[in-house]
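An overview of the molecular structure
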Amino acid sequence: MIIDGKEIAKKMYDELKNEVSKFKSKPTLWAILVWNNSSSLRYIEQKKKWAEYIGINFKLEKFDEKISELELYNKIKSFNENPEISWYIVQLPLPKHINSQKIINNIHPKKDVDWFHPNNQGKVLLWDESGFVPCTPAWILEIFKHEKIDLEWKVVCVIWRSNIVWKPIISLLINAWATVLACNSKTKNLAKFTTQAEIIIVAAWSPWLLKVNMLKVWAIIIDVWFTVIDWKIHGDADTRLINLVWSRVTPVPGWVWALTVACLMKNTIKAYKIQNK
Ligand code: GUN
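Notes on the structure in this doc start here.

Analysis parameters
Residues numbered from 1 in each chain as written. Predicted model: local features only at pLDDT ≥ 70, side-chain atom pairs only at ≥ 80, totals over all residues. Heavy atoms only, no water. Buried < 20%, exposed > 50% of the residue type's maximum accessible area, 1.4 Å probe, protein only. Helix = DSSP H or I, 4+ residues; strand = E, 2+ residues; numbered from the N terminus. Pairing = 2+ DSSP bridges. 1 Å grid on protein atoms, 1.4 Å probe; cavity = no way out; pocket = protein on both sides within 12 Å on 5 of 7 lines; lining within 4 Å. Points joined across faces, edges and corners; volume = space filled by probe spheres on them. Nonpolar A, V, L, I, M, F, W, Y, C, P; charged D, E, K, R; others polar. Phe/Tyr/Trp six-rings, centres within 6.5 Å; stacked < 30°, edge-to-face > 60°. Lys NZ or Arg CZ within 6 Å of the ring centre and 35° of its normal. Core = buried A, V, L, I, M, F, W, Y, C linked by side-chain atoms within 4.5 Å. Contact = heavy atoms within 4.5 Å. Near = heavy atom within 4 Å. Polar contact = N/O pair within 3.5 Å; in protein donor to acceptor, adjacent residues only side chain to side chain. Areas by Shrake-Rupley, 256 points an atom, 1.4 Å probe, with all protein chains shown as cover. Sits in = over half its atoms within 2 Å of the grid points. Disulfide = S-S within 2.5 Å.

Description of the pairing of strand 6 (residues 199-202)
Here strand 6 shows no split at all, with Ile199 and Ile201 on one side and Ile200 and Val202 on the other all buried. Summarising the sheet, strand 4 (residues 155-159) and strand 6 pair through four bridges and their orientation is parallel. Along strand 6, the bridge assignment pairs Val158 with Ile201. Relative to strand 7 (residues 220-223), strand 6 runs parallel, the two sharing four bridges. Looking at the pairing, Ile200 lines up with Ile221 of strand 7.

Below, the structure written as structure tokens:
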């Protein structure tokens, strides 16, 4: 069975649009784009489209891919100091000659609606519910809410390895009393873990990694990212036989963008409400 992320995102956009219509002024979200790869361009297009749908001004600053780390750092500094800019994001990935973490570390934590800055990441780790949640972990939680999946006591296998998604989602699952099996692409005998899990969250960039014989019956699979082979998009779950075990699965690709963008808008609106309290 397919979980329809686009439907969940549309519902969120309409709720947010309704909220923004009652605001005294229009919030503005700024975005910095350095690397014009097709995935980032698509992301930025979606961010602009849905920000405008909701009623948020979306301002984009594009830079040449050859911009030096120092020049980008100075740009970030000027965004931090500019009182006209309340919130901004730096679209990732950045070109290889720029150290992304160094750039993220310099985004002002209060302007960071992606919630990537170490201070903000620390809040997730410390169970501080007053904060935001980074966009991808946030939409994974939205799916659980929408599908009425209670995480308490559930065994969740997370197959991944990254600072901005894998670590926060593990913290959030622990906060929700799930039992977490933190695997990665080098885990030996992955099936030993996946067959124990009621929920599997996977982003290993490894097409068809999850086969039907690696799943528990009724398992819920959140397939987060995808690989393009011969112009075809493939997720990490082999969806061809998954119906055999009555699983619920989030298919790639469209809804990944839809929900990440919806959660970014939600964070921006939350930040606006805090600022205008
Ligand atoms: N690249 C892929 N996902 C994201 C995201 O959530 N935020 C930013 N800034 N860049 C990304």
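Side note on the layout of surface pockets
Taking a probe equal in size to a water molecule and rolling it over the atoms shows the remaining empty space. In this structure, the largest pocket occupies an estimated 950 Å³ of space. The wall of the largest pocket is formed by 38 residues, among which Tyr43, Leu92, Pro93, Ile164 and Trp225 lie closest to the centre. Elements represented by at least two residues in the lining of the largest pocket include exactly helix 2 (38-54), strand 3 (87-90), helix 4 (100-105), helix 6 (135-146) and helix 9 (254-275). Within the lining of the largest pocket, the residues separate by chemical class into 24 nonpolar, 10 polar and four charged. Looking at the second largest pocket, its volume works out to about 550 Å³. Lining the second largest pocket are 21 residues, with Phe132, Val133, Ala138, Leu141 and Leu172 sitting closest to its centre. Secondary-structure elements contributing two or more residues to the lining of the second largest pocket are helix 5 (118-125), helix 6, helix 7 (166-175) and helix 9. Looking at which element gives the most residues to the lining of the second largest pocket, the answer is helix 6, with five residues. Per-class residue counts for the lining of the second largest pocket are 11 nonpolar, three polar and seven charged.

Comments concerning the packing of aromatic side chains
Going through the model one piece at a time under the given rule, you end up with seven aromatic pairs. Centroid distance Trp50 to Tyr53: 5.2 Å. Interplanar angle 75 degrees. Geometry classified as edge-to-face. Taken as a pair, Trp50 and Tyr53 lie in helix 2 at a separation of three residues, close to a single helical turn. Through a chain of ring-to-ring contacts, three or more aromatic side chains come together here, namely Tyr13, Trp50 and Tyr53. Lying across the ring of Tyr53, Lys17 places its NZ or CZ 4.2 Å from the centre.

Here's the deal with the nonpolar core
Within the largest apolar cluster, 61 residues are counted, with the highest numbers of intra-cluster contacts made by Ile201 and Met265. Ranked by the residues each element gives to this core, the list is headed by helix 9, at 11 residues. Met265 has contacts with Tyr13, Leu16, Leu29, Lys47, Ala51, Ile54 and Ile56, leaving out every residue within four places of it along the chain. Counting residues in each nonpolar core, the second largest holds 20 residues, with Cys157, Leu210, Leu215 and Ile221 among its members.

What to know about the site of the ligand
The environment of the ligand is made up of Tyr43, Lys47, Val90, Gln91, Leu92, Asp114, Phe116 and Thr260. A distance of 2.8 Å separates a nitrogen atom of the ligand from a polar atom in the backbone of Val90. Here the ligand, which alone exposes 280 Å², has 88% of that area covered by the protein. Counting atoms within 2 Å of the grid points, the majority share of the ligand lands in the largest pocket. Split into classes, the residues belonging to the shell around the ligand amount to four nonpolar, two polar and two charged.

Considerations on the state of the cysteines
A full pass over the atoms with the stated rule returns zero disulfides. Its sulfur unpaired, Cys157 is 3.7 Å from the next cysteine sulfur, which belongs to Cys183. Classification of Cys183 by relative accessible area gives buried; the value is 3%.

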